[in-house]
Amino acid sequence: MTTSPTKQFLHVGCGSKTQLNLKGFNASDWIEVRFDIDPSTQPDIVGTLTDMSAVQSSSVDAVYSSHNIEHLFAHEVPAALSEIHRVLKPQGLLVITCPDLVSVCEAVAANKLMEPLYESPSGPISPIDILYGHRASVARGNHFMAHKCGFTYSALRASVLQAGFAQIYGGTRPRQYDLWMLALKEPVAENTMHQLAATFLP
């Protein structure tokens, strides 16, 4: 018997991706709502991180945001995280990931600004791509891909807490140049938080 989805997650900056490869959200009880700034990706909802007015307040159980927040100017980050907080249900959760500037800056300090660090589906990624946006994509006219700010664990944690989130698990770096964080609107027991982290974080 097939289980009908009972929870919704907002896939922010979905691009052409779907929930099929998203840890924790690929279970049968989750339904994906695709949200993107680019209409050409044919999302369910077109919008931006700083203006999610098309999404009702307290309407989704989770928000998944992968490599979006670094595309904002620093002064836009509080508004974006406040919008995410607004659309989540009271017991909602946020899974967010972005480049980790500590490891990127270590590579820059080692004079590897232009050297490939790893291969991505879009090709080789160098520190300059992580700092300023994927050069090939931006050169093709996709200016959405430009990076305008960046985060360390402490900077991201402070920003998420300032947006009103009550509890955070994170700072994990499952891959050297990525920073992952799980944030909750309402606090839960420590063992529950660890279970959620094991479910949703790499």
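The notes below deal with the structure included here. (Residues numbered from 1 in each chain as written. Predicted model: local features only at pLDDT ≥ 70, side-chain atom pairs only at ≥ 80, totals over all residues. Heavy atoms only, no water.)

What to know about the overall build of the chain
The helix and strand tally for the chain stands at six helices and nine strands. Computed over the C-alpha atoms, the radius of gyration of the chain is 17 Å, within 12% of the 17 Å expected from 2.2 N^0.38 for a compact globule of 202 residues. Overall, the C-alpha framework of the chain stretches about 50 × 40 × 35 Å when taken along its three principal axes. The proportion of buried residues among the 202 residues of the chain is 45%. Considering only residue pairs separated by 6 or more positions, the chain has 57% of its internal contacts joining residues 24 or more positions apart. (Helix = DSSP H or I, 4+ residues; strand = E, 2+ residues; numbered from the N terminus. Rg over C-alpha atoms; globule rule 2.2 N^0.38 Å. Buried < 20%, exposed > 50% of the residue type's maximum accessible area, 1.4 Å probe, protein only. Contact = heavy atoms within 4.5 Å.)

Notes on the packing of aromatic side chains
Inspection of the entire model under this criterion finds eight aromatic pairs. Taking the centre distance of 5.0 Å and the plane angle of 75° together, the rings of phenylalanine 25 and tryptophan 30 count as edge-to-face. The exposure classification of phenylalanine 25 matches that of tryptophan 30, with both residues buried. Ring geometry for tryptophan 30 versus phenylalanine 200: centroids 6.1 Å apart, planes at 85°, classification edge-to-face. One end of the pair, tryptophan 30, is in strand β2 (residues 30-36); the other, phenylalanine 200, is in helix α6 (residues 190-200), with 170 residues separating them in the sequence. Relative accessible area serves as the criterion here: at 6%, phenylalanine 200 is assigned to the buried category. One aromatic cluster is present, built from ring pairs that chain together Phe9, Phe25, Trp30, Tyr64, Trp180 and Phe200. (Phe/Tyr/Trp six-rings, centres within 6.5 Å; stacked < 30°, edge-to-face > 60°.)

Some remarks on the pairing of strand β9 (residues 178-184)
Counted residue by residue, β9 has seven buried out of seven residues, so it is predominantly covered. With seven bridges connecting them, strand β5 (residues 88-99) and β9 associate as antiparallel partners. Paired with cysteine 98 across the bridge in β9 is leucine 179. (Pairing = 2+ DSSP bridges.)

Observations regarding the state of the cysteines
Inspection of every chain in the model, using the stated rule, returns zero disulfides. The thiol sulfur of cysteine 149 is not disulfide-bonded, and the nearest other cysteine sulfur, from cysteine 98, lies at 8.2 Å. (Disulfide = S-S within 2.5 Å.)

Overview of the nonpolar core
Grouped together as the largest cluster of nonpolar side chains are 31 residues, with contacts concentrated most on Leu10, Val63 and Ile84. Elements with a minimum of two residues in this core: β1 (7-12), β2, β4 (60-66), α1 (77-87), β5, α5 (153-162) and β9. Among the elements that take part in this core, α1 stands out by supplying five residues, more than any other. Excluding its chain neighbours within four sequence positions, the residues that come into contact with isoleucine 84 are Leu49, Met52, Val63, Leu94 and Phe165. Of all hydrophobic cores here, the second largest spans 15 residues; its members include Phe25, Ala62, Trp180 and Leu182. (Core = buried A, V, L, I, M, F, W, Y, C linked by side-chain atoms within 4.5 Å.)

Describing unusual backbone geometry
The phi angle at glutamine 42 is positive, at roughly 55°, despite the residue not being glycine. Among the structural elements, glutamine 42 can be located in the loop between β2 and β3 (45-46). Under the relative-accessibility criterion, glutamine 42 is labelled exposed at 67%.

Focus: the side chain of asparagine 68
Relative to the helices and strands, asparagine 68 is located in the loop between β4 and α1. If near-sequence neighbours (up to four positions away) are discounted, asparagine 68 is found in contact with Val12, Gly13 and Leu49.

Overview of the pattern of salt bridges
Tallied over the full model, the rule gives four salt bridges. Linking aspartate 29 and lysine 7 is a salt bridge whose minimum nitrogen-to-oxygen distance equals 3.2 Å. Taken together, the positions of aspartate 29 in the loop between β1 and β2 and lysine 7 in strand β1 put the pair 22 residues apart, joining distant regions of the chain. The class of aspartate 29 is partly exposed, set by a relative accessible area of 23%. Here lysine 7 falls in the partly exposed class, since its relative accessible area comes to 28%. The salt bridge involving glutamate 83 is made with arginine 86; its shortest N-O contact spans 2.7 Å. On the criterion of helical spacing, the pair formed by glutamate 83 and arginine 86 is a turn pair, its members being three residues apart in helix α1. (Salt bridge = Lys/Arg side-chain N within 4 Å of Asp/Glu carboxyl O.)

Worth remembering: the numbers are spatial, not functional.
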